[in-house]
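# Summary of the model geometry
Read off the chains here:
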Amino acid sequence: CALVYAQKPYRGAEYRSIDSYEYGRFEARIKYASGAGVVSSFFTIKDYWAEGLSDAENWREIDFEALGNQPDIIQTNVISAYENHHEQIHDLSHNVNEDYHLYAIEWTPSYIKFYVNNQLVRYDANDYVETFNTGQKIMMNIWQPIWEDWVGVFDESLLPIYAFYDYIKYYSYTPGYGTYGTGNNFTLEWVDELTYFDQERWEKATHTWWSNNAQFVEENAVLLDGYLILCLTDNSTSGSPNMQSSFLDAET
């Protein structure tokens, strides 16, 4: 592990569902991370690598991404086959890292919608939407991209940096007999209040990629006081529970 950590200057975290979900409404109440050069997220993705597939033609991803250098916007992205990006920037009436707000994705065979505080900010019904027809995992992460023109210049003196998740909900797509969402076409299947690490539902990632300056480590995905806290730290520090005072300071 020490060799792996040495390959990246920082440590980040990713929390991901074990199961994949085909269609549905995905909700989370989040206070995103602050600071130029940092991205924190809530998204779904086809984990085609785990399925033994390597070609980018299998890429399917639906993203909320908070850019720490622009606290009054949220970026959405729908990434289709061959990693084709369909990004949009949305101006918000709030600061994404000063308080908790509700972020939701509705994904159906005919459209993908993004909501912030139950207000529709994006509606996609383009040709590529119908290609999103296989299961995806629910994921959240915090990382430090190499692309300064996207996220700004990172100042490591800001470390440690935290993103806070209050709860996560999943609604299945049940057209004609649901109770929630667009057309009442969704049915609540579960709520995770994040009071403990449910190892039947979630796993903590231990990977990275070429454009990410952070190695994901399990210790930086912390469940504390009813929150999931994803931590970005230097290469000698982890977000272990003994950092409770730091978490509480960041929370207040």
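The preceding data block contains the structure.
Just so it is clear, the model here is predicted, and its values are computed rather than measured.

### Quick look at the nonpolar core
Counting 47 residues, the largest nonpolar core has Phe42 and Met140 as the members making the most contacts within it. The greatest single-element share of this core, amounting to 5 residues, is contributed by strand β11 (residues 161–173). Counting residues in hydrophobic clusters, the runner-up holds 8 residues, among them Leu67, Ile73, Trp150 and Val151.

### Some points on the pairing of strand β4 (residues 61–67)
Most of β4 sits out of view: 7 of its 7 residues are buried. Burial along β4 is two-sided: the face carrying Glu61, Asp63, Glu65 and Leu67 and the face carrying Ile62, Phe64 and Ala66 are both buried. In this sheet, β4 lies alongside strand β3 (residues 39–45) in antiparallel orientation, the contact comprising 7 bridges. Each residue of the ladder has a partner; that of Val39, found in β4, is Leu67. Direction of pairing for β4 relative to strand β5 (residues 73–80): antiparallel, over a ladder of 5 bridges. Residue pairing in the sheet places Ile62 in a bridge with Val78 of β5. Hairpin geometry of β4 and β5 is characterised by an intervening segment of 5 residues between the two adjacent antiparallel strands.

### With respect to a nonpolar patch on the surface
There is a patch of nonpolar side chains on the surface, built from Ile146, Trp147 and Trp210 and spanning about 350 Å² of accessible area. Mapped onto the fold, Ile146 is located in the loop between β10 (137–143) and α2 (148–151).

### Section: the layout of surface pockets
Taken as a whole, the largest pocket holds about 680 Å³ of empty space. Taken together, 26 residues form the lining of the largest pocket, with Trp59, Glu61, Glu83, Trp143 and Trp209 sitting closest to its centre. Mapped by element, the contributors of at least two residues to the lining of the largest pocket are β1 (10–17), β3, β4, β5, β6 (84–91) and β10. Residues of the lining of the largest pocket, tallied by class, amount to 11 nonpolar, 7 polar and 8 charged.

### Some thoughts on the pattern of salt bridges
Under the counting rule described, the total for this entry stands at 8 salt bridges. For the salt bridge of Arg16 with Asp47, the shortest nitrogen-to-oxygen distance reads 3.1 Å. Taken together, the residues span a long stretch of sequence, with Arg16 in strand β1 and Asp47 in the loop between β3 and β4 at a distance of 31 residues. Across the pair, exposure class does not vary: Arg16 and Asp47 are buried alike. The shortest N-O distance in the salt bridge between Arg25 and Glu106 comes to 2.7 Å. Within this pair, whereas Arg25 is found in strand β2 (residues 24–31), its partner Glu106 is found in strand β7 (residues 101–107), the two being separated by 81 residues in sequence. Residues joined by salt bridges that share partners form a network here, namely Glu14, Arg16, Asp47 and Lys137.

### Concerning the environment of Tyr32
Counting through the fold element by element, Tyr32 comes out in the loop between β2 and β3. Residue Tyr32 is classed as buried on the basis of its relative accessible area, which comes to 2%.

### Quick word on the side chain of Gln136
In this fold, Gln136 is placed in the loop between β9 (119–124) and β10. Using a relative accessible area of 0% as the deciding quantity, one classes Gln136 as buried. A polar contact is formed between the side chain of Gln136 and the side chain of Thr44, at a distance of 2.9 Å.

### Side note on the pairing of β10
Counting buried residues along β10, 7 of its 7 residues qualify, which places the element largely inside the surrounding structure. Where β1 lies against β10, 4 bridges are found, and the strand directions are antiparallel. Bridge pairing in β10 places Tyr15 opposite Met140. Sheet analysis places β3 next to β10, joined by 5 bridges and oriented antiparallel. Bridge pairing links Phe43 to Met139 in β10.

The rules behind the values
- Residues numbered from 1 in each chain as written.
- Predicted model: local features only at pLDDT ≥ 70, side-chain atom pairs only at ≥ 80, totals over all residues.
- Heavy atoms only, no water.
- Core = buried A, V, L, I, M, F, W, Y, C linked by side-chain atoms within 4.5 Å.
- Buried < 20%, exposed > 50% of the residue type's maximum accessible area, 1.4 Å probe, protein only.
- Helix = DSSP H or I, 4+ residues; strand = E, 2+ residues; numbered from the N terminus.
- Pairing = 2+ DSSP bridges.
- Patch = residues over 30% accessible without salt bridge, like charges linked within 9 Å, V, L, I, M, F, W, Y side chains within 5 Å.
- Areas by Shrake-Rupley, 256 points an atom, 1.4 Å probe, with all protein chains shown as cover.
- Salt bridge = Lys/Arg side-chain N within 4 Å of Asp/Glu carboxyl O.
- 1 Å grid on protein atoms, 1.4 Å probe; cavity = no way out; pocket = protein on both sides within 12 Å on 5 of 7 lines; lining within 4 Å.
- Points joined across faces, edges and corners; volume = space filled by probe spheres on them.
- Nonpolar A, V, L, I, M, F, W, Y, C, P; charged D, E, K, R; others polar.
- Polar contact = N/O pair within 3.5 Å; in protein donor to acceptor, adjacent residues only side chain to side chain.

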